Amino acid sequence: MSPELFARYDPWTPPPAAHTGRRPPGASPSRRGRTAAAAAGAVLLTLVAGTVGGGIGAYAQRQGVIGTVRLSQAPAQDTGRAPDSVAGIAERTLPGVVTVQVRGAGERGAGTGFVLDGRGHILTNHHVVESAGAGAGVGVIFHGGETTVAEIVGTDSGYDLAVLRVEGISGLSPLPLGNSDSVRVGDPVVAIGAPYGLAGTVTTGIVSATRRPVTAGGGREGGGGGDISYVEALQTDAPINPGNSGGPLLDAAGRVIGVNSAIRSAAGDLPRTDAGGSIGLGFAIPVNQAGRVAEELINTGRATHPVIGVTVDMGHPGEGARVGLPQGRKGTAVVPGGPADTAGIEEGDVITEVDGVRVSSGEELLVRIRARRPGDRLELTVERGGHRRSVEVVLGSAAGP
């Protein structure tokens, strides 16, 4: 037996049947049949793979896994805002707020102001424009970008207020004035200004205190005026920063209730402006006081200050405001024939209350008096020699500095 035949011999395989042209049952297909079957299977596998792959690709593309990314976004809509919302108040108020720029005596100043009437009068702080020289112009930039030069109608450092006037500007938008006597702690407020030169900045908060006695700036000893201002202020936590000075503090109806003027710094002092930022303690001149002063500055160029006709000893170490001259100063502490003299107040008396509100210092007494008008009646509580009594004083008038 040849090796080739032995190599093909399998004792477990039955002998081949006689050739009949048909494949016996269980026999393996021929080479040609296997090739055809394999080709058909490959075609079927390709079709299945293409179908599955196409489905997976379409799903992946829809899910953003592959292909160009398309993000959904709501269409632009001019839905408007409620008039009493912050956005609504800002929309109708911003046209009446201006940025104030001053150059003079080698200094630059910047702040905010707002339009008072259709004649072009603008209210701002005295300290915003005080660096302007005599006859110098003050730059005013409106919210729409229009720029002009304003004249200074009048200023008062004791109230820290100033009135400017612009000409040739059409479409002025005066802001309505509210009533600061109606303000209560917790009322929502909106402040508008140009902090750090960022014009048209809107911030919001609440009134955190009212009738807060505030003094700011420097001045002559004894509270005789000069560059020191005395304000019975509205306190707010609406962020106010350098550049907000002179801007409006608005109530929920969009009416001006105060003129933003000072902030307390983290160092504890109370400047009109500050190199630092807001710590949530801002102060505004009540609009009732600001409106009266503005009217006088417009009509006469000067403002009047209510007085009781005494000199207060600012060095008094105890509680209350002591009537007396500073050490080393000669003269009389009570103006003869003045309101205090008429009421029987004498040098050495200590005033402890104004209309039932306690005063702790001479500065606070001046703040309480400055918050009134000439001709108003005040009830003062006075201590003398350990005895306390109440007296009524009719406020007199003195021209401002």
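Going by the structure above, here's the rest.
So, how was this worked out
Residues numbered from 1 in each chain as written. Predicted model: local features only at pLDDT ≥ 70, side-chain atom pairs only at ≥ 80, totals over all residues. Heavy atoms only, no water. Phe/Tyr/Trp six-rings, centres within 6.5 Å; stacked < 30°, edge-to-face > 60°. Lys NZ or Arg CZ within 6 Å of the ring centre and 35° of its normal. Buried < 20%, exposed > 50% of the residue type's maximum accessible area, 1.4 Å probe, protein only. Helix = DSSP H or I, 4+ residues; strand = E, 2+ residues; numbered from the N terminus. Pairing = 2+ DSSP bridges. Axes fitted to C-alpha atoms, helices over the stretch in contact; angles between N-to-C directions. Salt bridge = Lys/Arg side-chain N within 4 Å of Asp/Glu carboxyl O. Core = buried A, V, L, I, M, F, W, Y, C linked by side-chain atoms within 4.5 Å. Contact = heavy atoms within 4.5 Å.

Some thoughts on the packing of aromatic side chains
Turning to step 1, where the next piece is worked out: In this structure the tally under the stated criterion is 0 aromatic pairs.
Turning to step 2, where the next piece is worked out: Between Arg370 and the ring centre of Tyr159, over which it is positioned, the NZ or CZ distance is 5.8 Å.

Description of the pairing of strand β15 (residues 350-354)
Every regular strand shows the same layout, with side chains that alternate between the two sheet faces.
Turning to step 1, where the next piece is worked out: With respect to burial, β15 is a largely interior element, 4 of its 5 residues being buried.
Turning to step 2, where the next piece is worked out: Direction of pairing for β15 relative to strand β16 (residues 357-358): antiparallel, over a ladder of 2 bridges. Counted as the bridge partner of Val354 is Val357 from β16.
Turning to step 3, where the next piece is worked out: As consecutive antiparallel partners, β15 and β16 are separated by 2 residues, and within that stretch Asp355 has a phi angle of approximately 50°, a positive value.

Some details on the sheet that holds strand β9 (residues 229-236)
Turning to step 1, where the next piece is worked out: With antiparallel pairing, the 6 strands of this closed barrel are ordered in space as β7-β8-β9-β12-β11-β10. Sheet twist, expressed as the average angle between the axes of neighbouring strands with direction ignored, equals 50°.
Turning to step 2, where the next piece is worked out: As paired elements, β9 and strand β12 (residues 282-286) share 3 bridges and run antiparallel to each other. Opposite Thr236, over in β12, you have Gly282 as the bridge partner.

Description of the pairing of strand β11 (residues 256-263)
Turning to step 1, where the next piece is worked out: Of all the 8 residues making up β11, 8 are buried; the element is thus mostly covered by neighbouring parts of the structure.
Turning to step 2, where the next piece is worked out: Strand direction decides the pairing type here: strand β10 (residues 248-250) and β11, joined by 3 bridges, are antiparallel. In the strand pairing of β11, Pro248 is matched with Val259.
Turning to step 3, where the next piece is worked out: Sheet analysis places β11 next to β12, joined by 5 bridges and oriented antiparallel. By the bridge assignment for β12, Asn260 is matched with Ala284.

Overview of the pattern of salt bridges
Turning to step 1, where the next piece is worked out: Within this structure, the stated rule accounts for 14 salt bridges.
Turning to step 2, where the next piece is worked out: When the shortest N-O distance is used, the salt bridge between Glu346 and Arg384 registers 3.8 Å. Taken together, the residues span a long stretch of sequence, with Glu346 in the loop between α6 (339-342) and β15 and Arg384 in strand β17 (residues 377-384) at a distance of 38 residues.
Turning to step 3, where the next piece is worked out: A cluster of three or more residues bridged by salt bridges with shared partners is formed by Arg211, Glu232, Asp355, Glu364, Arg368 and Arg372.

A short note on the nonpolar core
Turning to step 1, where the next piece is worked out: In this structure, Phe114, Leu123, Leu161 and Val259 are the most contacted members of the largest nonpolar core, which totals 27 residues.
Turning to step 2, where the next piece is worked out: Within the residue set of this core, elements represented by two or more residues are α3 (86-93), β6 (161-165), β7 (188-193), β9, β11, β12 and α5 (287-300).
Turning to step 3, where the next piece is worked out: Of the residues forming this core, the biggest block, 5 residues, is contributed by α5.
Turning to step 4, where the next piece is worked out: Apart from residues lying up to four places away in sequence, Val259 is in contact with Phe114, Leu123, Asn125, Leu161, Gly246, Gly247, Phe283, Ala284, Ile285 and Ala290.
Turning to step 5, where the next piece is worked out: The next biggest cluster of nonpolar side chains, apart from the first, holds 22 residues, and it includes Val312, Ala343, Val354 and Leu395.

Interpretation in functional terms is not warranted from these geometric data alone.
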